[in-house]
Amino acid sequence: MKMEADLKVGIKEKANKMLGYHPQDAKLSKSYIAVAFIALLVGGFLGLLQGLNRAGLLELPTWFNYYQVLTAHGLLLILVLTAFFTIGYFYATLSHNLGGLLPKVRKLAWVGFFVKLVGFVLAVIPILMNEASVMYTFYPPMAAHPVFYIGLALIVVGVWLCCIGAFIQVANWRKNHKGQHVPILSYFATGVFVLLFFALMFVAVEVLFMILPWVFGWVDGINVMVARTLFWAFGHTLVNIWYLTAVSAWYVVVPKVIGGKRWSDLLTRVVIIALVIMNITGGFHHQIIDPAINEIVKFMHVFMSLAIGFPSLMTAFALFAVFERTARRKGGKGLIGWWKKMPWGDVRFLAPFIAMVAFIPAGAGGIAQTTNQLDQVVHNTMWIVGHFHLTLGMSVVMTFFGISYWLVPFISNRVLTPQINKLGVIQTWIWTVGMICMSGSMHYVGLLGSPRRTSYSTYGDHATALGWDPYLTLLAVGGTLLIIGVILQVYAVFNMMFFAPKGETEFPIAEEEENATKTPYWTERWGLWIVLMIIVVAMAYVIPLTDMIVNAPPGSPPFKTW
Amino acid sequence: MNQSFYGLLLLIFLVAPPVAHFMESHMVIHMHMQMPMLVIAGMLMARFFQKRFPTFFEKWNSNGIPGILLFVIIVVYWMLPRTMDEALTTNSVEVFKFISLPFLAGVSLRDSWKKLSSLGKNIIIIGFTVLFIGLGWLYIWSPVQLCNNYLIIEQVTLGWGFLLTAIGMIVYLGYNFFIDPSAYE
């Protein structure tokens, strides 16, 4: 009897090893993913409150006002959901790809987990007390309670620990596998953690050396322009970190799910390198309206921003090449007929596919906003809100949802049942319709002049403002559909995590094509790419930052605008 | 041949009046983008000269030291505030800039770098690091305008450019010193 039990355990261990499943690492990823989806649930409801308020359907009470809700919604969804999902997903990847996490790496990630949670709780308390309704950005001269910033600084530290853990893991693997390429999904992870590591430096300087001394009252004023510039060097990079995380699944997982091969390993790695090198400087296009940057610098940054668009075009090309080749191999015919051969009933394909398609208008909108004159029209309007709900809420988050349908079963040692798959497909369509309604109406009402960052107002029943109402109602309709999507998604995740039938799920990683050319080794020289990244950052930032510091006006005292 | 051709194209692009005018309108772009790009153009074109005159390079630059000395002299010359001013006001000096940086500095750097020992390479990089820190200090904290053609704010910007470049080189030296690529590759 005992022997049989031992044998069973032995077989299980063997199966786990074959699948690249490591129970302790899975627990880590499970914790991260669980926090991410709880954040989605709470943040989603807060989003609904905002949507209903903007439509004029719901008056929020004074003890929990629109700006508090907005701050919490932003913090939960753009910091907690994305950071925890990205780290959970990539740590699962590192564990699977690189033969299990090293004990010290796992420990670092756990410490990072709790440091982030403590930081998050510290940040939430002042928000609930209405002491930090600064709308989740670190935009002086609006100043929140010091504890809010201390909490954020702890989140930064927590993420840094995870970055360092990932670097140790990858370096250790490379030492033991000399001359080999880091597996592609771990290569994505390396790129993401490099970007996170450097992007967080900017915001750490802003929070530790500028904002904290200022909100504690140790200094009288703050250099607003420098703070905003540092914030966006981080903020823009963070946006692209989510995007790069989503792209990793498009390149590596989706081809496997549809039964195809990866199209070009070299192209994939070049896209990652290009995004890492050119990303941080994109921050300037968020500041086109800022007065203290001269036009020449702004025009220069149009180049830098459009350069980031180029790898995305390469991505679009590569992915549609994969789709067409796979579908034709399965007997798809005609110019468009091959579309029918794609697995439309599989949520692991459908959700990332719609996410990808959404990136076409989302990217185009981004290019419009990067252009100085076009941005002048939309910068402070709901258009921008629509843009980042299309990019983050659709391209990124729907990919995350698609990932969850195999990642959560994988780390929970369970399977994706046909019922949950069906639920996922329904969820995907509800989310798609909801987001098109919401983001579409936000874009349009923005063009009509409706401002962002404000709660509902008819501006004394002004005719223009009343003209926004139909679109704002559609926005609320979209928001309501989205909350249904959130509930379904969170239900699916926790069902797969705790209640789905036990069984082995594969970690889907597509192979390279048979006749693929060998990837050159220079793609592994991260030292070189980081040096290039620093050079590009120096080229972009030295001129404007020196100007902002040397020609600075007197610093601003803290303001509480609410 | 291909890269030499691209080098020539780059040189022509840099010499084109609108490009040259734009790059020279900012002190930091003048010194930290135009001049290095001229050197890079020369490095690309070096291949042509190495193939065309192999014995010349063998005879005069067998261990790389004469070449690197020429490179250092030319580059240091162009870091003097006075020479930048002169390039903007006197046409012949401007022409000398467009010839000296690619053909004297760029070509000799390409031919010499591989011939140098790692000690020689480190000496060059450390030397330039120290020089850049010194120049950064000079340009940032100089109380007076050093160039007739550029305002003090431009000068301070250039100083920070120098300091950041020096920091970049220190990072590179540290990386080289502490990390052995053969452990990974």
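The rules behind these values
- Residues numbered from 1 in each chain as written.
- Chains lettered and ligands numbered in written order.
- Predicted model: local features only at pLDDT ≥ 70, side-chain atom pairs only at ≥ 80, totals over all residues.
- Heavy atoms only, no water.
- Helix = DSSP H or I, 4+ residues; strand = E, 2+ residues; numbered from the N terminus.
- Rg over C-alpha atoms; globule rule 2.2 N^0.38 Å.
- Buried < 20%, exposed > 50% of the residue type's maximum accessible area, 1.4 Å probe, protein only.
- Contact = heavy atoms within 4.5 Å.
- Lys, Arg positive; Asp, Glu negative; His and termini not counted.
- Charge placed at Lys NZ, Arg CZ, Asp CG, Glu CD.
- Areas by Shrake-Rupley, 256 points an atom, 1.4 Å probe, with all protein chains shown as cover.
- Expected span 1.5 Å × (residues − 1).
- Arc of directions from axis to C-beta.
- Buried area = accessible area lost by both parts, 1.4 Å probe.
- Salt bridge = Lys/Arg side-chain N within 4 Å of Asp/Glu carboxyl O.
- Polar contact = N/O pair within 3.5 Å; in protein donor to acceptor, adjacent residues only side chain to side chain.
- Nonpolar A, V, L, I, M, F, W, Y, C, P; charged D, E, K, R; others polar.
- Core = buried A, V, L, I, M, F, W, Y, C linked by side-chain atoms within 4.5 Å.
- Axes fitted to C-alpha atoms, helices over the stretch in contact; angles between N-to-C directions.
- Parallel < 35°, antiparallel > 145°, perpendicular 65-115°, else oblique.
- Left-handed = near helix turned anticlockwise from the far one by under 90°.

**Some remarks on the overall build of chain A**
When helices and strands are tallied, chain A shows 16 helices and 0 strands. What you see for chain A is a C-alpha radius of gyration of 24 Å, in line with the 24 Å of a compact globule of 562 residues. Once the C-alpha set of chain A is aligned to its principal axes, its extents read approximately 75 × 55 × 50 Å. Looking at chain A as a whole, 60% of its 562 residues qualify as buried. The contacts in chain A between residues at least 6 apart in sequence include a share of 85% that link residues at least 24 apart. Side chains of chain A give 37 positive and 24 negative charges; the mean places of these two sets differ by 10 Å.

**Describing the overall build of chain B**
Along chain B, the regular secondary structure elements total 9 helices and 0 strands. Its C-alpha atoms give chain B a radius of gyration of 17 Å, near enough to 16 Å, the size a compact globule of 185 residues would have. Judged by the C-alpha coordinates and their principal axes, chain B covers about 45 × 40 × 25 Å. Only carbon and sulfur atoms are counted for the fraction: they give 74% of the accessible area of chain B, which is about 10,100 Å². Taking the 10 positively charged and 9 negatively charged side chains of chain B as two groups, their mean positions are separated by 12 Å.

**A few points about unusual backbone geometry**
All names here are of chain A. A cis amide bond links Pro-140 to the next residue, Pro-141, at an omega of 5 degrees. Of note, Pro-141 is situated in the loop between helix H4 (103-128) and helix H5 (146-176). Phi is positive for Asn-413, which is not a glycine, with a value near 60 degrees. If you trace the backbone, Asn-413 turns up in the loop between helix H12 (382-412) and helix H13 (418-447). Its identity as a non-glycine residue notwithstanding, Asp-461 has a phi of 55 degrees, on the positive side. Topologically, Asp-461 is positioned in the loop between H13 and helix H14 (463-467). For Asp-461, a relative accessible area of 51% gives the class exposed.

**So, helix H5 (residues 65-78) of chain B**
Residues and elements named next belong to chain B. For H5, with 14 residues, the first-to-last C-alpha span of 20 Å sits near the 20 Å given by 1.5 Å per residue. Restricting attention to buried positions, one finds in H5 the residues Gly-67, Ile-68, Phe-71, Ile-74, Val-75 and Trp-78. End-on, the buried residues of H5 take up no more than an arc of 130 degrees, which puts them together on one face. Where the residues of H5 are buried, they touch helix H3 (27-52), helix H6 (81-89), helix H7 (91-113) and helix H8 (118-141).

**Things to note about the interface of chain B and chain A**
Residue-level contacts link 16 residues of chain B with 17 residues of chain A. Of the roughly 1,500 Å² buried between chain B and chain A, counting both surfaces, carbon and sulfur atoms make up 74%. Linking chain B with chain A are 0 salt bridges, by the criterion used here. Connecting chain B to chain A are 0 residue pairs in polar contact (both at pLDDT 80 or more). Listing elements by their share of the side of chain B that touches chain A, those giving two or more residues are H3 and helix H9 (152-178) of chain B. Considering every element that reaches the side of chain B that touches chain A, the biggest residue donor is H9 of chain B, with 7 residues. The class makeup of the residues in the side of chain B that touches chain A is 11 nonpolar, 4 polar and 1 charged.

**Remarks on the pattern of salt bridges**
A side chain of one charge can pair with a side chain of the opposite charge if their charged atoms are brought near each other. All names here are of chain A. Counted by the stated rule, this structure contains 15 salt bridges over all chains. Among the salt bridges present, the one from Arg-228 reaches Asp-290, with a minimum N-O distance of 2.8 Å. Residue Arg-228 is found in helix H7 (residues 224-257), and its partner Asp-290 is found in the loop between helix H8 (265-278) and helix H9 (295-329); the two are separated by 62 residues along the sequence. Like Arg-228, the residue Asp-290 is buried in the burial classification. Each of the salt bridges in this network shares a partner with another, and the network as a whole consists of Arg-262, Asp-265, Arg-269 and Glu-524.

**Concerning the nonpolar core**
Counting residues in each nonpolar core, the largest one holds 235 residues, and the members touching the most others are Tyr-91, Tyr-149, Phe-188 and Phe-193 of chain A. For Tyr-91 of chain A, the contacting residues outside a window of four places in its chain are Leu-28, Ser-29, Leu-101, Val-105, Ala-109, Leu-161, Cys-162, Gly-165, Ala-166 and Phe-193 of chain A.

**Digging into the packing of H3 of chain B against H9 of chain B**
All names here are of chain B. Contact geometry of H3 with H9 gives a least axis separation of 8 Å together with a crossing angle of 30 degrees. Between H3 and H9, the angle is such that the two are roughly parallel. Contact residues: Met-27, Val-28, Met-31 and His-32 in H3; Glu-154, Gln-155, Thr-157, Leu-158, Gly-161, Phe-162 and Thr-165 in H9. Class assignment of the residues belonging to the contact of H3 with H9 gives a composition of 5 nonpolar, 5 polar and 1 charged.

**Structural notes on the packing of H5 of chain B against H7 of chain B**
All names here are of chain B. Between H5 and H7, whose axes approach to 8 Å, the crossing angle comes to 145 degrees. When you trace H5 past H7, the crossing you get is left-handed. Only Val-93, Phe-96, Lys-97, Ser-100, Leu-101, Leu-104, Ala-105, Ser-108, Leu-109, Ser-112 and Trp-113 of H7 make contact with H5, whose side of the interface consists of Gly-67, Ile-68, Leu-70, Phe-71, Ile-74, Val-75, Tyr-77 and Trp-78. For the contact of H5 with H7, the class distribution of residues is 14 nonpolar, 4 polar and 1 charged.

**Here we look at the side chain of Ser-312 of chain A**
Note that Ser-312 of chain A resides in helix H9. Excluding residues within four positions of it along the chain, Ser-312 of chain A makes contact with Tyr-243 and Phe-359 of chain A.

**Here we look at the environment of Gly-386 of chain A**
Residues and elements named next belong to chain A. Checked against the element boundaries, Gly-386 lands in helix H12. Taking the C-alpha atoms as reference points, Gly-386 and Ala-362, separated by 24 residues in sequence, lie 9.3 Å from one another. Setting aside chain neighbours within four positions, we find Gly-386 in contact with Ser-439, Met-442 and His-443.

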